[in-house]
Every structure is written in C-alpha cells, then in structure tokens.
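What follows is each chain in one-letter form.
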2 protein chains.
Amino acid sequence: MAVSNIRYGVGVTKEVGMDLQNMGAKNVCLMTDMNLSQLPPVQVVMDSLVKNDVPFKVYDNVRVEPTDTSFMEAIEFAKKGAFDAYVAVGGGSTIDTCKAANLYASSPHSDFLDYVNAPIGKGKPVSVPLKPLIAVPTTSGTGSETTGVAIFDYECLKVKTGIASRAIKPTLGLVDPLHTLHMPPRVVANSGFDVLCHALESYTAIPYHMRSPCPSNPITRPAYQGSNPISDIWAVHALRIVAKYLKRAVRNPDDLEARSHMHLASAFAGIGFGNAGVHLCHGMSYPISGLVKKYKAKDYNVDHPLVPHGLSVVLTSPAVFTFTAQMFPERHLETAEILGADTRTARIQDAGPVLADTLRKFLFDLDVDDGLAAVGYSKADIPALVRGTLPQERVTKLAPRPQSEEDLSALFEASMKLY
Amino acid sequence: MAVSNIRYGVGVTKEVGMDLQNMGAKNVCLMTDMNLSQLPPVQVVMDSLVKNDVPFKVYDNVRVEPTDTSFMEAIEFAKKGAFDAYVAVGGGSTIDTCKAANLYASSPHSDFLDYVNAPIGKGKPVSVPLKPLIAVPTTSGTGSETTGVAIFDYECLKVKTGIASRAIKPTLGLVDPLHTLHMPPRVVANSGFDVLCHALESYTAIPYHMRSPCPSNPITRPAYQGSNPISDIWAVHALRIVAKYLKRAVRNPDDLEARSHMHLASAFAGIGFGNAGVHLCHGMSYPISGLVKKYKAKDYNVDHPLVPHGLSVVLTSPAVFTFTAQMFPERHLETAEILGADTRTARIQDAGPVLADTLRKFLFDLDVDDGLAAVGYSKADIPALVRGTLPQERVTKLAPRPQSEEDLSALFEASMKLY
Ligand SMILES: NC(=O)c1ccc[n+]([C@@H]2O[C@H](COP(=O)([O-])OP(=O)(O)OC[C@H]3O[C@@H](n4cnc5c(N)ncnc54)[C@H](O)[C@@H]3O)[C@@H](O)[C@H]2O)c1
Ligand SMILES: NC(=O)c1ccc[n+]([C@@H]2O[C@H](COP(=O)([O-])OP(=O)(O)OC[C@H]3O[C@@H](n4cnc5c(N)ncnc54)[C@H](O)[C@@H]3O)[C@@H](O)[C@H]2O)c1
Ligand SMILES: [Fe+2]
Ligand SMILES: [Fe+2]
C-alpha cells in the first residue's frame, strides 16, 4: 500500500512556484489543454512561477482523452525541452499526458510500446529515474494526481490502454478546491461518476489474498492488488462523499463546500483504486470510448467526438454490479445503502438488483444519457465492444467473478438502455 | 499528507529476504532487542535472509525505550558495519533506534544533537541520502513503521525528545499479524493505549488551517501539520478498531482476529498522527517516562525501571481531554461515542467530562494503574514534570488550547489518581 503525497487546501496552488524553486528547478514544463490555458487555474500557476523566478515553457496542446499520437507529440516537446521538472494543470487528460512525457523524455531510447501495458504493449518495468512532476487537478474525477497510471486511446486498435508503474506517480499533488469552481456541470457530473466507479469497483474487487497467481517475488506484484483493508477505507469514504455532495456539486457552480469535498473524494478514491484496482466498468469503458462514433459530449469544449471517461464507465455500472453481486453481496448491499437505498428489508440475494436500482435512480436524477444506445451504440456493435474488452485483462481479472465472452456480451446488451 | 509504504498480511515477513535481494543489499544490519532476539519474529526474518543469500549482521542490544547513550551505541555499530540496508524487527524502541543508526551512519560527521528536535537539539534538516530501512513491527502501538520520528530519552535532562524528519521514515513496513501473537498482555495493552492516544490526539489537534505562524515556504512546513481531512480518516478508523478489538486483544493471546486488527490500527494511527501530530498526552508523557524512579512495568522483560510509553501517555488522557474539549467539543463527544459512551442525551458543554469518564472506564476495565501516583509520582514531582513538558513545544503547541504552566500543573495533579 503506497500512499500518495498530496497537499490539500484552498489556495495551495499559489505555492507551486516555491515548491519548484525548493526542488532547484531551472527549466520547467507546464502542461495543460487548450481550454484550460485560458482559465484561472493555469493563470494562478503561471503567476506563481513568475513570482518565484522559475523559468518555464508551456505546452497547451494536450488532447482531451489523449491518444498515442497526442502522447507522442507531448513526448517530443518534452524531449526537445530537456526539462528538469513538470507541472500538469488540468484533468486526467493533462496529468496522464504529462506522466507519459516525463517517462519517455527520461528514457529517450525506449520504443513507445515498451512501457505500455501488456498484451498491447510490452509492459516493461521502469528503471530509469524520472524528473519531479507536480500535478494540479482541475476536475474531481480521475485521482490521477495520486496514481501511477496514464491512460490513452490506442488509435489503430480503437481501444484505450495505458501505462502503469509506480515510477510515474506524481511527486506531489496540489489539491486546491478553488479550481473546481470553473468546471461546467457535465464535467462535474462525468468526472464525479469516475470517482463513484473507482470507489465501487475497488471496494468490490477481488480481495488481495484471493488474487492468483500469487507472485513468488514481491517485486512482480502488480500495482493493482485487489481490495484490501486499507483501500477499503478510502473507497468507502469517497463513496460517502459522492453520496452526500455530488448532486449539489453538479447543480451549483458556487457550492464551494460540495465541490471541495468532491475534489478530496477524487484523490481519496484515487489512492484506493491506485492500490486495489478497478474492474469491469473500467475494463468495458475502454472500448466504449475508443469506438466512439459521432457522440458529442455536452459542456466539453473539444473538436472531436467523445464519450467522456466518467460517462463511459458509469453507463455499464447497473449491469456490472448486478453481475458481480453474486460474489460479495454484503459489500454490494452496503454500498447501495451508502448511496441512499433503504436496505433494511432487502434480502442478501437481491444485493445486485438493489444496488443497480440505486445507481439507475442516481443517474436519472443527474440527467445521464439513457444507456449505451444514447451515446451511439446498437446491438450490432456488441461483438466489437467485447473484442475491445478482452485485452483489458489487467483490470477485468480483478472482478470478483470471472467473465466469459457471453457474459461480456450480456453486460453490454443490458447497458443499452438504463431507465 | 506524505507517503508511507506498508505491506500487510499474515506471513508477509517471510518475503523480507527477497525484498532486500531486490534492493541489491549485500550487507544488511538486522536490529532488534535482547528479548525479541529469542523469539519467532526475529527467527522468521533470519530464515528469510539466509534462504535468499542476503548477508547480514545482528545488533540485538537495542534498549527498550532508548536513550541517547543506547542510540549512540547502535550508531557506532552501524558506522563500523558500513551497511547498505537495515531491517528493524521489534517495537518502537527497535525501529526508532534503527532509524537513528541509519541516519547518523549516513551522516558520519554530524554531531548527535544536529538532527535532534529544537530547542533541545539543533533540528537541522536532513539532506544526506539514507540507506533503505525495512521495519517489521512486533507491537501494535507506535506506528513507527509509518513515521519519520525516532524518540529517545535524553538522559542528562531526564526527558524524552526525538528526531523528526521525513528522511528517516522506513522505506517499507511489513505489517504481519503473526508477530503480535507473542506479545505479553501488558505490552498489548500499553502499546494499544499508544494507538488510542495517537488517534485521539491527532483527531483533536488544532486544524491545519488554524496553525500559526503559517510558514511562508512549504519546505519549512513541519511534519506535524495539525488535524486535516486525511489524517481524520485514519484517526477515526483506528479509534473504531481500538474500541472494538483492544480488550479482546489484551485478554486472549490467541485471538488472531483482534490482534490483526490492532496491528493494522497501529499503522493507521501512525499515518494519521505522522501527518497531523499529537499534542498534550504525548508532550506530558515525555517527562513521565524520563523521570521514572523505581516503577517496574509488568510483562516487560527489562532490567531497568520503566513507565512504558503507552502507559505514560494514557494516564493523563482523562485530564487532557477534559481540558481540550472546550475547543472542539463535537469531536470530543464523537470520540466518546466511538469508545462506547451513550451520548444521545449528553450536552455539548459536557463533552470533556463525558470523554474523560469513558476513558476512565476503558482503563479500569483493562486494569490500568490508578494514575501517576501508582507509577511513583507525588505532588512534589509536579514542578519537575512541568519543566520537562515545556521544551515539548513541537507537540504541545498542536493542542487545540494553549497551556500556561499553571494549566500543566493542574493537568498533572488531576492525573495523580484516576478512579
Ligand atoms: N490516470 C488515472 O489514474 C486515470 C483514472 C481515470 C481516468 N483517467 C483518464 O483521464 C481522462 C479524463 O480526465 P478528466 O475526467 O479529469 O477530464 P479531462 O482532463 O479529459 O477534461 C475534460 C474537459 O474539462 C475541461 N476542464 C477540466 N478542468 C476544468 C475546470 N476546472 N474548469 C473548466 N474546464 C475544465 C477540460 O479542458 C476538458 O475540456 C481520460 O483519458 C481517462 O481515461 C485516468
Ligand atoms: N517513532 C514513533 O513514531 C513513535 C511513536 C510512539 C512511541 N514511540 C516510542 O516507541 C517506544 C515504545 O515502543 P513499543 O511500545 O512498540 O514497545 P518496545 O519496542 O519498547 O517493546 C516493549 C517490550 O515488548 C517486547 N516485545 C515487543 N514485541 C514483542 C512480541 N511480539 N512478543 C514478545 N515481546 C515483544 C520488547 O522486547 C520489549 O521488552 C518508546 O520509546 C516510545 O517513545 C515512537
Ligand atoms: Fe477512471
Ligand atoms: Fe506514541
């Protein structure tokens, strides 16, 4: 269990220049996306760098939901810049891109696929030293400031995959609730669903002592270890916050209290799933975003079709937890109760449907699109969606129940319509 | 909120040889105390080192509740040995001694007082690199496997003080419940009280945003930052475990479930107070142990008088929390409830007495000595106890209420008898 280094508080971002100065940074790469580059979070960071005489260059060409191509472009920038430190200001897209840029600029002779998760990439362990990276999250979702994971869309296969190594975990996360005030409602909602699923999936993942094969040497133990007593605490706590504050945070841009809590919940759930792992909602989401056709996400200021990550994970959640509840029904009931269900008279064998109904109501209340059909998929796409899930073994094998191809088909089919 | 790397599970200690081999260690220092050197936890570690061909030397002369002299002796051993890694197998006494040995062997030209907390020492920041240290706790108390703190008794002043730096935090803690089965009952009880006070004090410490002066540069921020939303989670969770399992763990040596939970609670509370800090029970405990006269602690296999650390912190807890409850009465009531009090009809202004009564009952049920009088102190000792508390500013200033010398006198006096 590795806990991450985060500093939380209103206004902590103003210190970033001092932090970099303390690290002796003389040539910093500031990464962000085009949209954020016009907004206060980036301005606050630049002001702090200037005030502390820290020289920096800006890369603002991060792609929202990055691809191998967009990663590579950022890597090129990083290689040319020969930076001695990085600051990522943005959502998961920015932080993940910055992790990849730091990694490959520190390992300039590696092939891009060297560090990408097997079976798509070679999944080599990272042994080169990286530069310090300070992550300043502006969404309340991925928890990427706490994890050693960087996700991208591998275009030729039309499927998301990633890089997973403790080595790319940010040196420091500055979790500053002020940045959340600028998020548009659907970004709050979708990134909040990511927190919801990180918490639910890590809490229901296979327990660490039931994972097999048991690695014979601790060094080969994966970052995702299965649910365990420490990640459980983070997951349950994050879930309570989602239950209490997500709706308020979506509906009221000025509700600093609700948005602050969600910002912290995002880091908490990140620490939880960063150690325990996620499973089916995430594994199935990668083809859902990768195969996107024409769906345009509301409130996302981007020029390409996009099923935002949080939406792509949450749409299958009612079907997924109905399926997995057979294994640890008590935990499924417990999470339903945290999310507001009255479980006093529920039977343990109904844990799955009870949690699924609770999730459907939660999504309906937050105006979520009615299932995969509403984001552009039909029955004819199911074989491709299943094919895109199969290589996501790294996460799907953490589900408490193994899945056949037929199971996956059925889960996609059950997710076409929600209400 | 900083990183603590722990691995939890029945039998994880058996992997320690592999971990050291993975680190490339070729000359390991195994530290423990004389008593433990005859017991299974040390045997398991030695077997694993032998099996993995990791060369090592044993230092088993750790003093239970170390002093500057005993630290220095361990440091000499470490300097001569030129070790490339350390394994500490034992309670806080062993882990703390090993941290100091690693630090000064890595900084051979430093004076002993250089890194000791001001005002007793110079409190210099650590800038030398240390060797990896794996901590294997065998008590369920200090959480020293998760913290950057090493406590010792400074003999010429007859007061405990310590070294506090993130640099001395163990590289890895192996939290293996099997070791707890060997602890005699009073060691379980006293080290459990340490967990209790770590949790209560860090939860009631001054909130991080009310601490003053606010450091102008994040690098000068102390390790102990005041209570904060992250340390709160650890503290409350540890407290719940203490409430549920400590009595069982003390009474039944074979209750692996209870002892396992307490072992994890010790690490949780350590992560909590390692970031938030402790306050008055700890600040006042240092002269209580330092000035010990003839008290012999039951179940402690040592040849010197000793008020064990956990006992020295818990004896003042009813008085301390009566005093501090004026500031955050809700939190004090909440902890009383977690510890079993019926608070439904309690008035908020009675939070202090309610928590104090709950603590008194808890201690009585566990056969704890009846106050400072029972461990050898009388009214005449109070001025010396107060004098020994004054230099403990590093922690006492984290109390939610400032204390005058008269306040401290009154707290010691109120702690002479408990029941
Ligand atoms: N690394 C991990 O551990 C991890 C975990 C989950 C998801 N992810 C990945 O993260 C990506 C999604 O990241 P995300 O959900 O944080 O969103 P994002 O980074 O993709 O940003 C979404 C949109 O919101 C805008 N935005 C972000 N913050 C804003 C603010 N404060 N004010 C106004 N606009 C703002 C961005 O400019 C962008 O248009 C996906 O690629 C996903 O796969 C990574
Ligand atoms: N570094 C920190 O963060 C921190 C925090 C709190 C306290 N401390 C310090 O730690 C010390 C106290 O440590 P402790 O309470 O862990 O106890 P300890 O290390 O002093 O050990 C107490 C006794 O129990 C015996 N023992 C330990 N484990 C055993 C086992 N499994 N089976 C049988 N016997 C066992 C020891 O041999 C010893 O005789 C004090 O010096 C205190 O000031 C440090
Ligand atoms: Fe996610
Ligand atoms: Fe302690």
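All values derive from a computational prediction rather than experimental measurement.

## Considerations on the overall build of chain A
Along chain A, the regular secondary structure elements total 15 helices and 8 strands. Principal axes of the C-alpha set define a box for chain A whose edges measure 65 × 45 × 40 Å. Relative to its 419 residues, chain A shows a buried fraction of 63%. When contacts within chain A are restricted to residue pairs at least 6 apart in sequence, long-range pairs at least 24 apart make up 78% of them. When the accessible surface of chain A is summed, it comes to about 15500 Å², and 54% of that surface belongs to carbon and sulfur atoms.

## Points about the site of ligand 2
All names here are of chain B. Inspection of the region around ligand 2 gives 30 residues, with Gly-92, Ser-93, Thr-138, Thr-139 and Thr-147 positioned closest. Interatomic distance of 2.6 Å between a side-chain N/O atom of Thr-139 and an oxygen atom of ligand 2. Between an oxygen atom of ligand 2 and a side-chain N or O atom of Lys-160, the distance comes to 3.0 Å. Coverage of ligand 2 by the protein amounts to 98% of the 870 Å² it exposes when considered alone.

## Structural notes on the coordination of the iron ion (ligand 3)
Residue and element names in this part refer to chain A. For the iron ion (ligand 3), every protein donor is listed as Asp-194 (OD), His-198 (NE2), His-282 (NE2) and His-309 (NE2), and the spread of their distances is 2.1 to 2.2 Å. Note that the iron ion (ligand 3) binds 4 donor atoms; their angles at the metal cover 83 to 168 degrees, and the shape is irregular. Between the donor residues of the iron ion (ligand 3), the gaps in sequence give the motif D-x3-H-x83-H-x26-H. Separated by 27 residues along the polypeptide, His-282 in helix α8 (residues 280-290) and His-309 in helix α9 (residues 309-314) bring together distant segments of the chain. The buried category is assigned to His-309, whose relative accessible area is 14%.

## Points about the site of ligand 1
Residue and element names in this part refer to chain A. Inspection of the region around ligand 1 gives 30 residues, with Gly-92, Ser-93, Asp-96, Thr-138 and Thr-139 positioned closest. Within the side chain of Asp-33, one N or O atom sits 2.8 Å away from an oxygen atom of ligand 1. Between an oxygen atom of ligand 1 and a main-chain N or O atom of Gly-92, the distance comes to 2.7 Å. Alone, ligand 1 offers 870 Å² of accessible surface; in the complex the protein occludes 97% of this. Broken down by secondary-structure element, the contributors of at least two residues to the shell around ligand 1 are α4 (92-105), β6 (149-154) and α5 (185-204). At 4 residues, α4 tops the list of elements feeding residues into the shell around ligand 1. Across the shell around ligand 1, the residue classes break down as 11 nonpolar, 13 polar and 6 charged. Looking at which domains feed residues into the shell around ligand 1, each of domain 1 (6-180) and domain 2 (185-415) supplies at least three.

## Details of the relation of the copies chain A and chain B
Structural alignment of chain A on chain B gives an RMSD of 0.0 Å, achieved by rotating through 180 degrees and translating 0.1 Å along the axis. Both copies are brought into coincidence by an operation consistent with a two-fold rotation axis. When the interface residues of chain A are mapped onto chain B, 100% of them are again interface residues, pointing to one common binding face.

## Here's the deal with the layout of surface pockets
There is about 1200 Å³ of room inside the second largest pocket. Every element with two or more residues in the lining of the second largest pocket is listed here: α6 (229-251), α7 (256-276) and α11 (329-338) of chain A together with α5 (185-204), α6 (229-251), α7 (256-276) and α11 (329-338) of chain B. Residue composition of the lining of the second largest pocket, grouped by class: 24 nonpolar, 10 polar and 11 charged.

## Here we look at the coordination of the iron ion (ligand 4)
Residue and element names in this part refer to chain B. Here the iron ion (ligand 4) is held by the protein donor atoms Asp-194 (OD), His-198 (NE2), His-282 (NE2) and His-309 (NE2), which lie 2.1 to 2.2 Å from it. Coordination at the iron ion (ligand 4) is irregular: its 4 donor atoms span angles of 83 to 168 degrees at the metal. In primary sequence terms, the donor set of the iron ion (ligand 4) follows D-x3-H-x83-H-x26-H. Highlighted residues: Asp-194 in helix α5 and His-282 in helix α8 (residues 280-290), separated in sequence by 88 residues. Of the residues examined, Asp-194 reaches a relative accessible area of 3% and is grouped as buried.

## Quick word on the sheet that holds strand β4 (residues 85-90) of chain B
Residues and elements named next belong to chain B. What the 6 strands build is an open sheet, ordered β1-β8-β5-β4-β2-β3; its pairing is parallel. Edge positions in the sheet fall to β1 (6-8) and β3 (56-62), since each of these pairs with one other strand and no more. For this sheet, the mean angle separating the axes of adjacent strands, direction not counted, is 20 degrees. Note that strand β2 (residues 28-33) and β3 share 5 bridges and pair parallel. Each residue of the ladder has a partner; that of Cys-29, found in β3, is Lys-57. Those strands touched by α7 are β1, β5 (133-137) and β8 (172-175), and its axis lies near 170 degrees from that of β1.

## A word on the domain arrangement of chain A
Residues and elements named next belong to chain A. When its domains are assigned, chain A resolves into domain 1 (6-180) and domain 2 (185-415). The centre of domain 1, based on its C-alpha atoms, is set 24 Å off from the matching centre of domain 2. On the side of domain 2, 40 residues touch domain 1, which itself brings 31 residues to the contact. Between domain 1 and domain 2, roughly 2800 Å² of surface is buried when both sides are summed, and carbon and sulfur atoms account for 61% of that area. Contact with domain 2 buries surface across domain 1, with Ser-140, Lys-160 and Thr-180 losing the most and accounting together for 19% of the total. Our count for the domain 1 to domain 2 interface comes out at 0 salt bridges. The interface formed by domain 1 and domain 2 contains 13 residue pairs in polar contact (both at pLDDT 80 or more). Considering only residue class, the side of domain 1 that touches domain 2 consists of 12 nonpolar, 11 polar and 8 charged.

## Topic: the state of the cysteines
Taken as a whole, this structure holds 0 disulfides over all chains when the rule is applied. The closest cysteine sulfur to the non-disulfide-bonded A:Cys98 is located on A:Cys29, 5.8 Å from its own sulfur.

Conventions we followed
- Residues numbered from 1 in each chain as written.
- Chains lettered and ligands numbered in written order.
- Predicted model: local features only at pLDDT ≥ 70, side-chain atom pairs only at ≥ 80, totals over all residues.
- Heavy atoms only, no water.
- Helix = DSSP H or I, 4+ residues; strand = E, 2+ residues; numbered from the N terminus.
- Buried < 20%, exposed > 50% of the residue type's maximum accessible area, 1.4 Å probe, protein only.
- Contact = heavy atoms within 4.5 Å.
- Areas by Shrake-Rupley, 256 points an atom, 1.4 Å probe, with all protein chains shown as cover.
- Near = heavy atom within 4 Å.
- Polar contact = N/O pair within 3.5 Å; in protein donor to acceptor, adjacent residues only side chain to side chain.
- Donors = N, O, S within 2.8 Å, 3.2 Å for Na, K, Ca; no water.
- Tetrahedral: all angles 85-135°; square planar, octahedral: opposite > 155°, others 65-115°.
- Nonpolar A, V, L, I, M, F, W, Y, C, P; charged D, E, K, R; others polar.
- Domains from an automatic or database assignment.
- Least-squares fit on C-alpha atoms with pLDDT ≥ 70 in both.
- 1 Å grid on protein atoms, 1.4 Å probe; cavity = no way out; pocket = protein on both sides within 12 Å on 5 of 7 lines; lining within 4 Å.
- Points joined across faces, edges and corners; volume = space filled by probe spheres on them.
- Pairing = 2+ DSSP bridges.
- Axes fitted to C-alpha atoms, helices over the stretch in contact; angles between N-to-C directions.
- Buried area = accessible area lost by both parts, 1.4 Å probe.
- Salt bridge = Lys/Arg side-chain N within 4 Å of Asp/Glu carboxyl O.
- Disulfide = S-S within 2.5 Å.

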